[in-house]
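Report on the structure
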Number of protein chains: 2
Amino acid sequence: MKINQRHEKIIELLSREGQFSVETLAQRLDVSLMTIRRDLKTLSQTGQVSRTHGGAVLSRTGSINFLFQQRENQNLPKKQAIAREVIRMIHPGNGIILDNGSTTLEVARAMSSMSDLTVLSSSLLVASVLHTNERMEVVLLGGVVRKNFPDLTGPLTEENLKGFRVHLAVVGADAASSEGTFTHDVRTARVTKVMTQAADRVVVVFDSSKFTKTALAHCLDWKDIHVVVTDEACPESIRSWLNKAVSKVIYAPLTPSSSQ
Amino acid sequence: MKINQRHEKIIELLSREGQFSVETLAQRLDVSLMTIRRDLKTLSQTGQVSRTHGGAVLSRTGSINFLFQQRENQNLPKKQAIAREVIRMIHPGNGIILDNGSTTLEVARAMSSMSDLTVLSSSLLVASVLHTNERMEVVLLGGVVRKNFPDLTGPLTEENLKGFRVHLAVVGADAASSEGTFTHDVRTARVTKVMTQAADRVVVVFDSSKFTKTALAHCLDWKDIHVVVTDEACPESIRSWLNKAVSKVIYAPLTPSSSQ
DNA sequence: AAATTTTGTGACAAATTGAAAAAAACAGGT
DNA sequence: ACCTGTTTTTTTCAATTTGTCACAAAATTT
């Protein structure tokens, strides 16, 4: 049994029975006392368990651990450049819908110091980034918690959106082609579509690598989109048709403060 | 077999079984250990898997940090005793509403290994405890994220609840007296009240220390409650009137498995 | 056939584990 | 409150496993 497996097992055992002695854990997992102590040390350093004399209990600190797959962690500079452009469209008093996705998450991070905004989102990550801001109201749309993803989908999410009307919807995409935007999951595609219907202005954000990717679920047609924000690495071959398909396209410069 | 094919195969195997050793992967794909290591290196650089010593797991590094005030961390054994009694009322196929609060959180923890349940909650903590269970559907009610608390309140939360009808609502209380239950926050009191209206059966859980506390917002009348679960430390002076006020009161024994 | 990419092999570095000894914490008893 | 014996933790070290690097062999592409 590998170290990570053992760590997960310890957490599992602890969450089932509350507390365990080092000795019992060592017997159950068939390793030495020393190994369990080392495991508990690392687990307590990451805040997952609390040590006691002779054992450990589940840590009940004030942080939530949502485990989920981290699909994309790339193109962060591009996403940040895109986020910088998007927040220039946001003004105090606005109501904003934020989709889930790594690019919209960067938008949320860039927004985190703004004030007097109402933010609607289906993403627990977005909520976690913004909820500490006292001058911002964060509304989490209801819905089914998707397995392995920190977001909400389903009829409830879609129904909730119908009760709102916001200035701006910032939505993402997993892939883009001349036929529009695409996402990997049909459920999130539906939510994204409804989000755009609840907003006066629809901004779609995705880095230029998305033009070379494919995703199964069609999400938005270009005609439903008011602004596309992508990055300057977008090749000319794409710009030529994209500029025709969407009324406003912003190619975010990667250098932080080039102009304006 | 091409390199990309192999990478996809590794992801596929990992998503099926969660974890693989380098050696097993090398055997399955009929390549050397070095090749697998190189594959895992590139896959972990693109964030698709996480390396472990001797193997790899699907990347699940994402953890959300909701910081919040940690009001109560006491009486854990009592709360766990209460939770043990509550889960005996829960059966496969049921729909359950879980309120927020430290006692209902223990109920969620006790529920975490059950299956075929639909759980509605306004608590992000409850969702974080249950969302990894594949055999459970976790529905988060929409609402405003309360500052410093990992839960949702507001009109949207209340409105959402009206669309559901569940077998059991498990709700908490910050204080209890002969006049009913009380909570510190008016907003959560409202949500709790609506929760009870959406359930066939209302179970209120709180440890016996709550009888000596006060909280400003009146939440529930005893007549609206079907079952109260508290712990055996509840004094006789309270039991005498509580037994008359509520049709069923359970005084959970603190010893884990005394009898049944 | 040459160039590029991919794969395998060996030597060495790093991590994981378990055992034993030393240090610290705990529980009674005086 | 102090001491003492026991339990637990920490420290250190050696054995084993695993990972990394550099370079050669093989396969693929041009």
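Look up: the structure comes first, before these words.
Figured I'd write up the structure that's included with this text. Quick caveat: nothing in here was measured; it's all calculated off a predicted structure. (Residues numbered from 1 in each chain as written. Chains lettered and ligands numbered in written order. Predicted model: local features only at pLDDT ≥ 70, side-chain atom pairs only at ≥ 80, totals over all residues. Heavy atoms only, no water.)

On to the pattern of salt bridges. As a working rule, side chains carrying opposite charge can pair if their charged atoms are close by. Residue and element names in this part refer to chain B. Throughout the structure, instances matching the rule amount to 28 salt bridges over all chains. In this structure, Lys162 engages Glu159 in a salt bridge whose closest nitrogen and oxygen atoms are separated by 3.9 Å. Residue classification places Lys162 among the exposed residues on the basis of a relative accessible area of 60%. Linking Asp185 and Arg187 is a salt bridge whose minimum nitrogen-to-oxygen distance equals 2.8 Å. When its relative accessible area of 15% is taken as the criterion, Asp185 is described as buried. Judged by its relative accessible area of 43%, Arg187 falls in the partly exposed class. (Salt bridge = Lys/Arg side-chain N within 4 Å of Asp/Glu carboxyl O. Buried < 20%, exposed > 50% of the residue type's maximum accessible area, 1.4 Å probe, protein only.)

Neighbouring residues of DNA strand D: 17 residues in total, closest Arg37, Arg51 and Gly54 of chain A together with Arg51 and Gly54 of chain B. Protein-adjacent atoms of DNA strand D, using a 4 Å cutoff, are sugar or phosphate at a proportion of 62%. The separation between a phosphate oxygen of DNA strand D and a polar side-chain atom of Arg51 of chain A is 2.4 Å. At the level of secondary structure, the elements contributing two or more residues to the surface near DNA strand D comprise helix H3 (33-45) and strand S2 (49-52) of chain A together with helix H3 (33-45) and strand S2 (49-52) of chain B. (Near = heavy atom within 4 Å. Polar contact = N/O pair within 3.5 Å; in protein donor to acceptor, adjacent residues only side chain to side chain. Helix = DSSP H or I, 4+ residues; strand = E, 2+ residues; numbered from the N terminus.)

It is worth spelling out the packing of aromatic side chains at this point. We describe a pair of aromatic rings using the distance from one ring centre to the other and the angle between the two ring planes. By the definition in use, this model includes eight aromatic pairs over all chains. Relative to Trp222 of chain B, the ring of Phe206 of chain B has its centre 6.4 Å away and its plane inclined at 50°; by these criteria the two rings are tilted. A residue pair is termed long-range when its members are at least 10 positions apart, and Phe206 of chain B in the loop between strand S12 (199-205) and strand S13 (217-220) and Trp222 of chain B in the loop between S13 and strand S14 (227-231) qualify at 16 residues. Across the pair, exposure class does not vary: Phe206 of chain B and Trp222 of chain B are buried alike. The ring of Tyr251 of chain A has Arg239 of chain A sitting right over it, with the charged end atom 3.9 Å from the ring centre. The residue whose ring lies beneath Arg146 of chain B is Phe149 of chain B, and the NZ or CZ to ring-centre distance is 4.2 Å. (Phe/Tyr/Trp six-rings, centres within 6.5 Å; stacked < 30°, edge-to-face > 60°. Lys NZ or Arg CZ within 6 Å of the ring centre and 35° of its normal.)

All names here are of chain B. Taken together, the three strands give an open sheet; going across it, the order is S10-S11-S13, and neighbouring strands pair in antiparallel fashion. Looking at the sheet topology across the chains shown, the edges are occupied by strand S10 (175-177) and S13. Sheet twist, expressed as the average angle between the axes of neighbouring strands with direction ignored, equals 40°. Sitting on the sheet, helix H8 (residues 186-197) touches strand S11 (180-183) and S13, and the angle it makes with S13 is about 10°. (Pairing = 2+ DSSP bridges. Axes fitted to C-alpha atoms, helices over the stretch in contact; angles between N-to-C directions. Contact = heavy atoms within 4.5 Å.)

Take the protein's contact with DNA strand C next. DNA strand C sits among 16 residues. The nearest are Thr35 and Arg38 of chain A together with Arg6, Thr35 and Arg38 of chain B. The sugar-phosphate share of atoms of DNA strand C within 4 Å of the protein amounts to 64%. The contact in question runs from a phosphate oxygen of DNA strand C to an N or O atom on the side chain of Arg6 of chain A, over 2.6 Å. Those elements giving two or more residues to the surface near DNA strand C turn out to be helix H1 (3-17) and H3 of chain A together with helix H1 (3-17) and H3 of chain B. Residue composition of the surface near DNA strand C, grouped by class: six nonpolar, six polar and four charged. (Nonpolar A, V, L, I, M, F, W, Y, C, P; charged D, E, K, R; others polar.)

With that out of the way, let us pick up the sheet that holds strand S13 (residues 217-220) of chain A. Residues and elements named next belong to chain A. The strand order across the open sheet built from three strands is S10-S11-S13, with neighbouring strands paired in antiparallel fashion. Two strands in the sheet have a free side with no partner beyond their single neighbour: strand S10 (175-177) and S13. Between one strand axis and the next, the sheet turns through 40° on average, direction left out of account. Examined bridge by bridge, strand S11 (residues 180-183) and S13 share three bridges and lie antiparallel to one another. Following the sheet pairing, Phe182 is matched in S13 by His218. Here helix H8 (residues 186-197) sits on the sheet in contact with S11 and S13, set at roughly 10° to S13.

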